[in-house]
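Now for the letters of each chain:
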Amino acid sequence: MERNYWVRTEHGRIWGPYSIAALERLRGQLTEKCEASVDGKEWHPGVDFPELRSLLVPARKVERQAPMPPAPPRISKAMTEAFAFGTGDVVIAVPDLPETPAAPADARPASKPRPPPPRPAAAAKAKAPPPIARPKPAPPPAEPEPLDVPASGDLAQVSPTRLYGLAALTSATGLLRLDSEKGGSLRVSFRRGTPEHLASDDPDLSLLRYLQSRKLVEPEKAVAAEEQAAKSGQDIVSVLFQMQLIAPSDAHMVLGEYAVFLLDRALLLWRGTFSYSKHAAPPAGAFPLGPKWALLADSVRRLDVTLLSARFGKRFASRVVRSGGLGIGKVEELGLNAQETRLYAAIDGTRSGEELLRAHDPGAAVRLLYLLAELGHLGFTEVSDEPAAVSPPPAKAAPPPPPIPKAAPAPAPAAAPPPRELPKTTRQAPRPAAAPQRAAAPPVLKPAAAAPKPAAPALAVNRPPPTFAQGPADETPEAALTRLSGLWEKLATANHFEVLGMERKMATAAESKRNFFVLAKELHPDTVTDPAQAALKEVKERLFARINEAAQVLGDEKRRKEYESELDGKAENVDVSRIFAAEENFHKAVIFIKARKYQEGLELLEQAIQMNGEEAEFYAWRGYARFLLSKDRKQSFEECASDCRKAIKMVDRCLPAHLFLGHMAKILGDPKLAKKCYMRVLELDEKHVEAQREMRLMKA
């Protein structure tokens with residue numbers, strides 16, 4: 001395996017781990033004062049590594065200004081290097097030559113024309129190579145090719161997330177078409193790198209189906225609108241306006257949410273093909289969906305963690321390294337939140353993806369790692385742990401340890417020095433022993449033989465591995481799909497112990513690791529090689545992600561204890577089903593309120609608060625719904641505002657509560673209070689679109 005290196009510059013900046021081929025990109029930036037490491041922990045001078053010496057250049061000398069004669073500053077560095085093999089004028093420009101002060105006395109006045117070639121040629125041969133060989137070698141092609149959106153390709157090779165990043169980086173204007181291997185396509189229109197219009201020919205992703213799923217249009221009216229559009233040949237949006245199924249004031253918001261919904265689906269298209277039509281303008285009436293980089297980051301935050309984990313596969317076991325600024329765009333433009341920023345700061349090239357998931361919120365960590373890896377800001381690498389590779393310079397390995405038999409025929413006290421030279425044999429047998437006792441050196445090997453002791457837990461697993469994932473030898477793909485779909489329904493609601501086929505009281509970390517590998521052989525998605533079996537591969541992706549999650553939790557002692565305590569206290573303290581039901585009612589209520597169906601929304605909010613009264617946002621929306629529903633809004637203001645104030649008391653950063661207080665104050669003609677509330681929203685979120693719009697309207 002090729003060895004990788006960490007490199008630390010004289011200014012403290014760290015790159016790596018990189019292979020020698022990758023470090024070629026840093027040629028000219030690494031000086032002889034830099035340090036290198038093979039494990040990211042123990043550092044040695046870079047010149048001690050023979051394979052790195054050719055990449056190092058001499059450190060710049062600060063004293064160059066003092067001995068510099070007045071005339072040479074007019075000669076540029078490029079000119080000096082270009083003519084270094086030429087005439088004696090070069091002697092003036094090179095500050096490293098000690099002979100120049102002695103020679104100029106008779107050489108300069110006499111040679112306004114150039115001196116005869118014999119002597120300068122010899123001097124150039126002797127002295128020119130050192131400054132030219134190392135200071136500024138032409139770097140190899142650091143830029144492989146200009147970054148641009150490819151004209152076409154396979155989504156398995158270039159993901160939609162990366163295509164989006166390339167379009168945003170190059171401020172591209174054009175039409176990106178994503179064709180799924182299951183049928184159907186998605187089209188994304190960019191203008192100057194920002195998506196302005198999304199459309200799909202998949203009936204399940206149509207605008208009418210989306211509006212029905214959000215309960216904004218009833219099924220009967222949706223069918224009537226579809227028939228009307230087919231008869232008149234008009235666009236479905238125009239028909240919805242004519243039939244007054246969408247209020248003109250809500251059209252911008254509804255269409256924007258639908259476009260974001262399609263963008264989320266587009267980023268999950270990993271199997272299929274794509275094509276890009278350059279300079280194809282978005283259709284008339286299209287509008288920007290938001291800041292291009294923040295829009296991408298928000299969309300990735302909504303992706304399914306299970307699918308992302310399955311896409312990573314075994315790469316989480318490798319170390320996560322930064323690319324050193326070689327990614328698409330800048331990380332700062334993505335608008336990372338505080339949690340994501342802490343996670344990104346923790347990536348130093350010494351920790352694997354699994355270690356990062358254990359130290360941070362797994363869902364947020366998986367999404368951020370996926371986003372940064374697709375944009376090229378991060379990579380996964382495996383570092384060789386061979387003992388031979390860890391010994392850096394030959395300087396430390398120079399003194400070989402003397403053989404054991406020659407070290408001891410003298411008196412017993414003289415046995416003290418050898419332990420220092422032979423660190424592997426730290427303890428020697430009885431001290432009074434004479435030369436014959438030295439023959440007991442083989443016992444020293446016994447501790448080494450005991451080293452495989454960590455494998456003992458595997459021997460202690462005397463229970464047979466699980467077999468529920470195995471199918472018959474002659475099983476057809478259709479039968480396998482039916483069998484594994486039933487297995488997924490069972491494992492989706494099972495606990496981690498049941499997922500790995502273990503008994504909770506007798507389960508060990510070794511058994512969880514063994515069972516995971518046994519199940520992974522049957523459930524890994526790469527075992528499906530036929531592109532036509534996409535449904536079977538998708539089921540295996542979900543199953544593999546499920547057993548991987550269980551193995552990560554049960555294989556770590558700390559996380560296992562937390563999980564077991566959660567299982568023990570689940571029935572007593574937390575009713576998860578009520579919390580999920582409350583969230584579902586809340587989201588439905590928000591849709592009804594935005595559709596101006598205030599009574600239906602208020603009823604759902606009351607139910608959500610009864611199920612889970614700990615959510616501040618529930619009270620904020622209830623107060624606003626009551627205010628919009630009341631006939632005398634001025635009289636009911638205090639009662640409705642009390643809900644919003646209660647939400648703020650529970651969570652001071654509850655944006656809807658501050659925003660709704662501003663809306664109510666504005667409706668009642670109190671611009672001072674409204675402005676104060678909108679300013680508070682912008683203090684908490686300076687990019688809040690609705691608060692920015694209200695402030696602009698108030699200034700106008």
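Computed from a predicted model, the values in this text were never measured in an experiment.

The sheet built from four strands is open, its strands ordered 2-1-3-4 with antiparallel pairing. Looking along the sheet, the strands with just one partner apiece sit at the ends: strand 2 (14–18) and strand 4 (44–45). Looking at chain direction, strand 1 (residues 5–8) and strand 2 are connected through three bridges and run antiparallel. Bridge pairing links Arg-8 to Ile-14 in strand 2.

Strands sit in the order 5-9-6-7-8 across an open sheet of five strands; the sheet is antiparallel. One side of each edge strand has no neighbouring strand; the edge strands of this open sheet are strand 5 (152–154) and strand 8 (194–200). Neighbouring strand axes in the sheet, compared pairwise and without regard to direction, differ in orientation by 15° on average. Of the pairings in the sheet, the one linking strand 7 (residues 185–191) to strand 8 comprises six bridges and is antiparallel in character. Considered in strand 8, the bridge of Arg-191 is made with Thr-194. Running at roughly 175° to strand 6 (residues 174–180), helix 7 (residues 160–169) makes contact with strand 6, strand 7, strand 8 and strand 9 (272–278) of the sheet.

This part covers the packing of helix 12 (residues 292–301) against helix 16 (residues 362–374). Across the interface, helix 12 lies against helix 16 with an axial gap of 9 Å and an inter-helix angle of 135°. Taken together, the axes of helix 12 and helix 16 lie oblique to each other. As helix 12 runs across helix 16, the sense of the crossing is right-handed. The residues of helix 16 that touch helix 12, namely those facing Leu-296, Ala-297, Val-300 and Arg-301, are Arg-367, Tyr-370 and Leu-371.

This brings us to empty space enclosed by the protein. In this approach the atoms are scanned with a rolling probe the size of a water molecule, which exposes any empty space left behind. In total, this model carries five cavities of 30 Å³ or more according to the counting rule given. By volume, the largest cavity is sized at about 50 Å³. Sorting the residues of the lining of the largest cavity by element identifies helix 7, strand 6, strand 7 and helix 11 (248–267) as the ones contributing at least two each. Counting residues per element, the lining of the largest cavity draws most heavily on helix 11, at three residues. Residue composition of the lining of the largest cavity, grouped by class: nine nonpolar, no polar and no charged. Roughly 40 Å³ of volume is contained in the second largest cavity. Around the second largest cavity sit Ala-297, Val-300, Arg-301, Leu-336, Glu-340, Arg-367, Leu-368 and Leu-371, which together line it.

On to the pattern of salt bridges. Close approach of charged atoms allows side chains of opposite charge to pair. All chains considered together, the criterion is met by 28 salt bridges. A salt bridge links Arg-302 to Asp-264; the shortest N-O distance between them is 2.9 Å. In this pair, Arg-302 is assigned in the loop between helix 12 and helix 13 (305–312) and Asp-264 in helix 11, connecting sequence segments 38 residues apart. Connected through shared salt-bridge partners, Glu-606, Arg-622, Arg-626 and Asp-643 make up one network.

Most peptide bonds are trans, and most residues other than glycine sit at a negative phi. Look at Ser-171: it is not a glycine, yet its phi comes out positive at around 50°. By secondary structure assignment, the location of Ser-171 is in the loop between helix 7 and strand 6. Positive phi values are uncommon outside glycine, yet His-279 reaches one of about 65°. Inspection of the secondary structure assignment puts His-279 in the loop between strand 9 and helix 12.

What follows concerns helix 23 (residues 477–491). Spanning 15 residues, helix 23 covers 20 Å between terminal C-alpha atoms, matching the ideal 21 Å at 1.5 Å per step. Of the positions making up helix 23, those classed as buried are Ala-480, Leu-484, Leu-487 and Leu-491. The buried residues of helix 23 all sit within an arc of 55° when viewed along its axis, so they share a single face. Facing away from the buried side of helix 23, by more than 90 degrees, are the exposed residues Glu-478, Thr-482 and Glu-489. Its buried side turned inward, helix 23 meets helix 24 (496–499), helix 25 (509–523) and helix 26 (534–554).

Attention shifts here to the environment of Arg-653. Note on placement: Arg-653 falls in the loop between helix 31 (637–650) and helix 32 (655–667). Assessed through its relative accessible area of 54%, Arg-653 is described here as exposed. In the structure, Arg-653 is positioned 31 residues away from Leu-684 in sequence and 6.7 Å away in space, judged by C-alpha atoms. In this structure the side chain of Arg-653 is engaged in a polar contact, spanning 3.4 Å, whose partner is the backbone oxygen of Leu-684.

Looking now at the nonpolar core. In terms of nonpolar packing, the biggest core is built from 75 residues, with Leu-163, Leu-176, Leu-178, Leu-211, Leu-240, Leu-296 and Leu-369 touching the most fellow members. A per-element tally of this core places helix 11 first, with 10 residues. When residues no more than four places from it in sequence are discounted, the contact partners of Leu-163 are Val-149, Pro-150, Leu-155, Val-158, Leu-176, Leu-178 and Phe-274. One finds Leu-602, Tyr-619, Tyr-624 and Phe-637 within the second-largest nonpolar core, a separate group that totals 33 residues.

Looking now at the side chain of Glu-340. By the element assignment, Glu-340 lies in helix 14 (residues 338–345). On the basis of relative accessible area, Glu-340 is assigned to the buried category, the value being 7%. Setting aside anything within four residues of it in sequence, one finds Glu-340 in contact with Arg-301 and Leu-368.

So, on to the packing of aromatic side chains. Using the criterion set out here, one finds 15 aromatic pairs in the structure. Three or more aromatic residues joined by ring pairs form one cluster here, namely Trp-270, Phe-312, Phe-316, Tyr-370 and Phe-380. Over the ring of Trp-43 we find Arg-8, and its NZ or CZ is 4.3 Å from the ring centre. The aromatic ring of Tyr-344 is capped on one face by Arg-322, whose charged end is 4.2 Å from the ring centroid.

Along strand 7, five of the seven residues are buried, which leaves the element largely enclosed by surrounding structure. As defined by bridge partners, strand 6 adjoins strand 7 across six bridges and the pair is classed as antiparallel. Within strand 7, the position partnered with Arg-177 by the bridge is Arg-187. As consecutive antiparallel partners, strand 6 and strand 7 are separated by four residues, and within that stretch Gly-183 has a phi angle of approximately 105°, a positive value. Connecting strand 7 to the antiparallel partner strand 8 that follows it, the hairpin turn spans two residues, and Arg-192 within it adopts a positive phi of roughly 55°.

So, about the environment of Lys-672. With respect to the helices and strands, the residue Lys-672 is situated in helix 33 (residues 671–684). For Lys-672, a relative accessible area of 72% translates into the label exposed. A sequence separation of 10 residues divides Lys-672 from Gly-662, and the C-alpha atoms of the two residues are 9.3 Å apart.

Cut-offs used in this document
Residues numbered from 1 in each chain as written. Predicted model: local features only at pLDDT ≥ 70, side-chain atom pairs only at ≥ 80, totals over all residues. Heavy atoms only, no water. Pairing = 2+ DSSP bridges. Helix = DSSP H or I, 4+ residues; strand = E, 2+ residues; numbered from the N terminus. Axes fitted to C-alpha atoms, helices over the stretch in contact; angles between N-to-C directions. Contact = heavy atoms within 4.5 Å. Parallel < 35°, antiparallel > 145°, perpendicular 65-115°, else oblique. Left-handed = near helix turned anticlockwise from the far one by under 90°. 1 Å grid on protein atoms, 1.4 Å probe; cavity = no way out; pocket = protein on both sides within 12 Å on 5 of 7 lines; lining within 4 Å. Points joined across faces, edges and corners; volume = space filled by probe spheres on them. Nonpolar A, V, L, I, M, F, W, Y, C, P; charged D, E, K, R; others polar. Salt bridge = Lys/Arg side-chain N within 4 Å of Asp/Glu carboxyl O. Expected span 1.5 Å × (residues − 1). Buried < 20%, exposed > 50% of the residue type's maximum accessible area, 1.4 Å probe, protein only. Arc of directions from axis to C-beta. Polar contact = N/O pair within 3.5 Å; in protein donor to acceptor, adjacent residues only side chain to side chain. Core = buried A, V, L, I, M, F, W, Y, C linked by side-chain atoms within 4.5 Å. Phe/Tyr/Trp six-rings, centres within 6.5 Å; stacked < 30°, edge-to-face > 60°. Lys NZ or Arg CZ within 6 Å of the ring centre and 35° of its normal.

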